[in-house]
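What follows is each chain in one-letter form.
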Amino acid sequence: MSASATQAFWHNFLGPSPGWYKKAIIAFLVINPVLLYTIGPFATGWVLIGEFIFTLALALRCYPLQPGGLLAIEAVILGMTSPHSVFHETEANFEVILLLMFMVAGIYFMKDLLLFVFTRILLKVKSKIVLSLLFSLVAAFLSAFLDALTVTAVLISVGVGFYSVYHKVASGKGSHHDTHDHGSDVDVQANHKEDLEDFRAFLRSLLMHGAVGTALGGVCTLVGEPQNLLIASVADWDFIKFVTVMAPVTMPVLACGLMTCALLEWSGKFGYGAKLPASVRLVLNEFQENADEKRDTRDVARLVVQALVAVILVLGLAMHWAAVGLIGLMVIVLLTAFNGIVEEHQIGHAFEEALPFTALLVVFFAIVAVIHDQHLFTPVIDAVLAMDSTIRPGMFFIANGVLSMISDNVFVATVYINEVKMALDAGSISRAEFDQLAVAINTGTNLPSVATPNGQAAFLFLLTSALAPLIRLSYGRMVIMALPYTIVMGGVGLACVTAFI
């Protein structure tokens, strides 16, 4: 093969990613078979997890779907898992896939209403501390009754809306300019560059407060997170029982989480504290005034339809009319039908945000299948179950928290609650001990898992969204910004589990 052809293949491999990144991925693919036949599948499985986390950590260098997918394909070829196991993990999370495909697209068709409401909140609430608390508290409340991914989709849509409005003006265009690439800073004028960076920092802090809020609220109720419903079904708890059993842990954590939010904004540490630049506030004010002036009867009708569908959405999710994804599909049908969006290319844009992440999530399930088939968590589970019953709840909380930082918290909760149920059925533990451990599993998988984007699908969704590169929100920055929350939520959660459960 000629040198030019070799260079062509090299340049095409992972596209514009840095050379060192491409070499690292190739090294992973070369070394994994060697490790498998030298140190065995168990140790190689942990190496594979580390490699996959590497691709997530450098998501801004290369979208993790391609390098992570290559690692997953190799794992199947090497026999560390099977296509059947991957399909089984995917099938078990089919509701999450439906949610991503349809609910996120449904939120896309509600963006006019979201921008209308949140622009007013942003402009009327001048205090950054109050605004941050508001974002966190609203996200927590909505996540307790809806779904963390749905709430995150709302936050992302709002963030992109704010950013695109100012970026157009910073690039010398009107805020209503239709054709503008807000992913490129080439046209940003010199006098706007500093304010644009400050605005990015402002949005990063708001989005992180909101994302953490989804975890604070999601742990509280039966419907807040997928694993909550699983744990409740195994424990035979209804909605009220679940809330009351979890309250000794979840309520103190919620209060301390909100206090942490206020302290971070007051102190300005860990990447928080950025204020809304005056020039950005002026642009958003002008955008609102222009939108109000130009809004005709049809625009008002669209907003009314979106508001009515939003009410239907909340009722449908709160009352569990159907799987979340199917409710999202209903939202798409209603909003497009009554707002005159009937052309295929118009509808297609709504799915551009969610489908790449959906594909990435299936790749993630392949890694989870490796964890399951190679029993990577079994030693930890066996060690914790062998401990004295007095310290077992606290150790379950720690073990679930650490594993959820590495893997998916839904998978960790599934493994642990099934092991505990088998111990109950075998008579190894009492019903009272089972209830204690169920609380420890739920809070352990929900609270410390905010430490990394791996643990919570909502965090991973935010990291790999179109918004993250716009506001320079990388894996490392997310970990740093989540660190104080991790310490407080994990510490208070552990203390409450130890003292009250």
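Before reading on, note that the structure itself is shown above.
From a predicted model like this one, the values you see are computed outputs, not experimental measurements. (Residues numbered from 1 in each chain as written. Predicted model: local features only at pLDDT ≥ 70, side-chain atom pairs only at ≥ 80, totals over all residues. Heavy atoms only, no water.)

> Can you walk me through the overall build of the protein chain in this structure?
For the protein chain, the helix and strand inventory stands at 24 helices and zero strands. Its C-alpha radius of gyration of 23 Å places the protein chain within 12% of the 23 Å reference for a compact globule of 501 residues. Overall size of the protein chain, expressed as C-alpha extent along the three principal axes, is 70 × 70 × 45 Å. Here the analysis covers contacts within the protein chain between residues at least 6 apart in sequence; of these, 76% occur between residues at least 24 apart. The averaged location of the 37 negative side-chain charges in the protein chain is 10 Å from the averaged location of its 26 positive side-chain charges. (Helix = DSSP H or I, 4+ residues; strand = E, 2+ residues; numbered from the N terminus. Rg over C-alpha atoms; globule rule 2.2 N^0.38 Å. Contact = heavy atoms within 4.5 Å. Lys, Arg positive; Asp, Glu negative; His and termini not counted. Charge placed at Lys NZ, Arg CZ, Asp CG, Glu CD.)

> Is there a simple way to explain a nonpolar patch on the surface in this structure?
Taken together, the side chains of F270, I480, L483 and I487 make up a nonpolar region of the molecular surface, amounting to roughly 370 Å² of accessible area. With respect to the helices, strands and loops of the structure, I480 is situated in helix α24 (residues 475-500). (Patch = residues over 30% accessible without salt bridge, like charges linked within 9 Å, V, L, I, M, F, W, Y side chains within 5 Å. Areas by Shrake-Rupley, 256 points an atom, 1.4 Å probe, with all protein chains shown as cover. Salt bridge = Lys/Arg side-chain N within 4 Å of Asp/Glu carboxyl O.)

> Explain the side chain of T260 to me, please; I cannot follow it from the model alone.
Residue position: T260 is located in helix α12 (residues 239-267). Looking at T260, the relative accessible area reads 9%, which means it is buried. Looking at T260, its side chain comes within polar contact range of the main-chain oxygen of C256, at 2.7 Å. Beyond its immediate sequence surroundings of up to four residues, T260 is in contact with P484, Y485 and V488. (Buried < 20%, exposed > 50% of the residue type's maximum accessible area, 1.4 Å probe, protein only. Polar contact = N/O pair within 3.5 Å; in protein donor to acceptor, adjacent residues only side chain to side chain.)

> How should the packing of helix α3 (residues 41-57) against helix α4 (residues 65-77) be read in this particular structure?
If you want to describe how two helices pack, look at the angle between their axes and the distance between the axes. Where α3 meets α4, the closest approach of the two axes is 9 Å, and the angle between their N-to-C directions is 160°. Classed by the angle they form, the pair α3 and α4 counts as roughly antiparallel. Crossing angle aside, the handedness with which α3 passes α4 is left-handed. Touching L48, E51, F52 and T55 of α3 are P67, G68, L71 and A75, all from α4. Tallied by class, residues from the contact of α3 with α4 come to five nonpolar, two polar and one charged. (Axes fitted to C-alpha atoms, helices over the stretch in contact; angles between N-to-C directions. Parallel < 35°, antiparallel > 145°, perpendicular 65-115°, else oblique. Left-handed = near helix turned anticlockwise from the far one by under 90°. Nonpolar A, V, L, I, M, F, W, Y, C, P; charged D, E, K, R; others polar.)

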